[in-house]
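Secondary and tertiary structure notes
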Amino acid sequence: MEGLNGMCAIITGSAQGMGKGIALGLARRGVNVALCDLKWAELQETGDQIKTETGVHVLCRKVDISKQEEVENFVKEAETEFGRIDILVNNAGIHPLKPIEQISSEEWDLVFAVNVKSDFFFAKAVLPGMRKRKFGRIICISSEAGKNGGTVAALHYAASKGAVLGFVRNLAQQVGADGITVNAIAPGRIMTAMSGAVSPKENRKFIDMSITKSLGKPEDIAYAVCYLASREASFVTAETMAVNGGTLRD
Ligand SMILES: NC(=O)c1ccc[n+]([C@@H]2O[C@H](COP(=O)([O-])OP(=O)(O)OC[C@H]3O[C@@H](n4cnc5c(N)ncnc54)[C@H](O)[C@@H]3O)[C@@H](O)[C@H]2O)c1
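My aim in this report is to walk through the structure given alongside it, one point at a time. Keep in mind that this is a model prediction, so the values were computed, not measured.

What counts, and where the lines are drawn
- Residues numbered from 1 in each chain as written.
- Predicted model: local features only at pLDDT ≥ 70, side-chain atom pairs only at ≥ 80, totals over all residues.
- Heavy atoms only, no water.
- Phe/Tyr/Trp six-rings, centres within 6.5 Å; stacked < 30°, edge-to-face > 60°.
- Helix = DSSP H or I, 4+ residues; strand = E, 2+ residues; numbered from the N terminus.
- Buried < 20%, exposed > 50% of the residue type's maximum accessible area, 1.4 Å probe, protein only.
- Lys NZ or Arg CZ within 6 Å of the ring centre and 35° of its normal.
- Near = heavy atom within 4 Å.
- Polar contact = N/O pair within 3.5 Å; in protein donor to acceptor, adjacent residues only side chain to side chain.
- Areas by Shrake-Rupley, 256 points an atom, 1.4 Å probe, with all protein chains shown as cover.
- Nonpolar A, V, L, I, M, F, W, Y, C, P; charged D, E, K, R; others polar.

1. Observations regarding the packing of aromatic side chains
Any two aromatic rings considered together are summarised by their centre-to-centre distance and by the angle between their planes. Taken as a whole and assessed by the stated rule, the structure comprises 3 aromatic pairs. Relative to Phe122, the ring of Phe74 has its centre 6.4 Å away and its plane inclined at 80°; by these criteria the two rings are edge-to-face. Pair noted here: Phe74 is in helix α3 (residues 68-82) and Phe122 is in helix α4 (residues 105-133), with a separation of 48 residues, a long-range link. The same class applies to Phe74 as to Phe122, namely buried. When the centroid spacing of 5.1 Å and the interplanar angle of 15° are considered together, the rings of Trp108 and Phe112 count as stacked. Here the residue Trp108 and the residue Phe112 both occupy positions in helix α4, the gap between them amounting to 4 residues, near one helical turn. Residue classification places Phe112 among the partly exposed residues on the basis of a relative accessible area of 22%. Cation over ring: Arg189 sits above Phe206, and NZ or CZ is 3.9 Å from the ring centre. For Arg231, the ring lying beneath its charged end belongs to Phe135, and the centroid distance is 4.3 Å.

2. A few points about the site of the ligand
Among the 28 residues in the neighbourhood of the ligand, the closest are listed as Asp37, Asn91, Tyr157, Lys161 and Thr192. One of the side-chain N or O atoms of Asp37 is found 2.6 Å from an oxygen atom in the ligand. Protein chains bury 94% of the 830 Å² of accessible surface belonging to the ligand in isolation. Among the elements of the structure, α1 (17-27), α6 (155-175) and α7 (193-196) are those that each provide at least two residues to the shell around the ligand. Sort the elements by how many residues they give to the shell around the ligand and α7 lands first, with 3 residues. The residue makeup of the shell around the ligand, split by class, is 13 nonpolar, 10 polar and 5 charged.

Following this line, the structure appears as structure tokens:
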């Protein structure tokens with residue numbers, strides 16, 4: 001593999017959990033990383049850890065990814081700071097766990113704004129540069145719940161993650177001729193704060209359902225991202241990669 005050394009990436013929701021794991025995984029391979037999250041203190045801590053451990057260039061900004069202007073300003077700043085963005089990882093997501101009776105119209109809109117619309121804002125902002133340079137990797141973190149509706153997943157969450165798959169398959173067709181690939185990753189249950197909000201009994205069910213008899217780790221998703229971000233993955237696009245220990249076999 002030629003490697004990722006010297007590339008520049010944006011990773012959303014990178015203060016903790018999967019986003020932090022993905023940022024670390026890319027940085028360990030020499031990728032300069034622009035991190036954003038709402039959790040400013042945790043984000044700075046993550047940024048410092050990555051800088052100390054890997055020595056890559058790290059940019060940290062507090063950004064609400066559901067706000068187009070904030071996204072545009074962040075992308076502009078990252079492009080100025082790094083010279084270009086090669087890799088975009090749309091990772092941030094929210095999952096308010098509740099039944100349909102308790103979901104308001106406002107909360108539905110918020111879940112779609114954070115989980116889907118932000119992918120559109122970020123893609124729109126990075127694409128002009130990627131098209132000009134004839135290279136780009138856009139990776140969106142969906143979920144197993146976007147395919148099968150989930151086990152305990154909330155309705156707006158599952159619907160938003162399904163929408164991400166349509167987003168990826170459509171966008172891939174619009175940008176492929178410019179050397180840009182667009183793929184999704186559908187994680188199974190991964191050990192983060194989000195899965196920690198689910199009861200241990202529900203998480204146990206996932207372990208039992210899996211072939212590996214385990215939950216996943218953020219690093220498992222990071223390895224998949226590193227492959228999809230590589231030059232060698234140029235013929236893989238509009239794909240949804242399952243990283244789930246074999247829980248969903250479709
Ligand atoms: N953990 C799992 O089992 C699992 C499974 C399938 C898919 N996913 C998906 O993986 C992604 C990462 O999840 P995680 O488990 O690391 O969750 P997490 O809750 O630990 O991390 C999500 C991060 O996104 C940030 N975020 C939320 N709203 C934001 C906003 N408006 N602007 C900027 N940042 C915002 C949060 O502050 C947080 O740091 C999500 O898209 C999630 O839906 C997770």
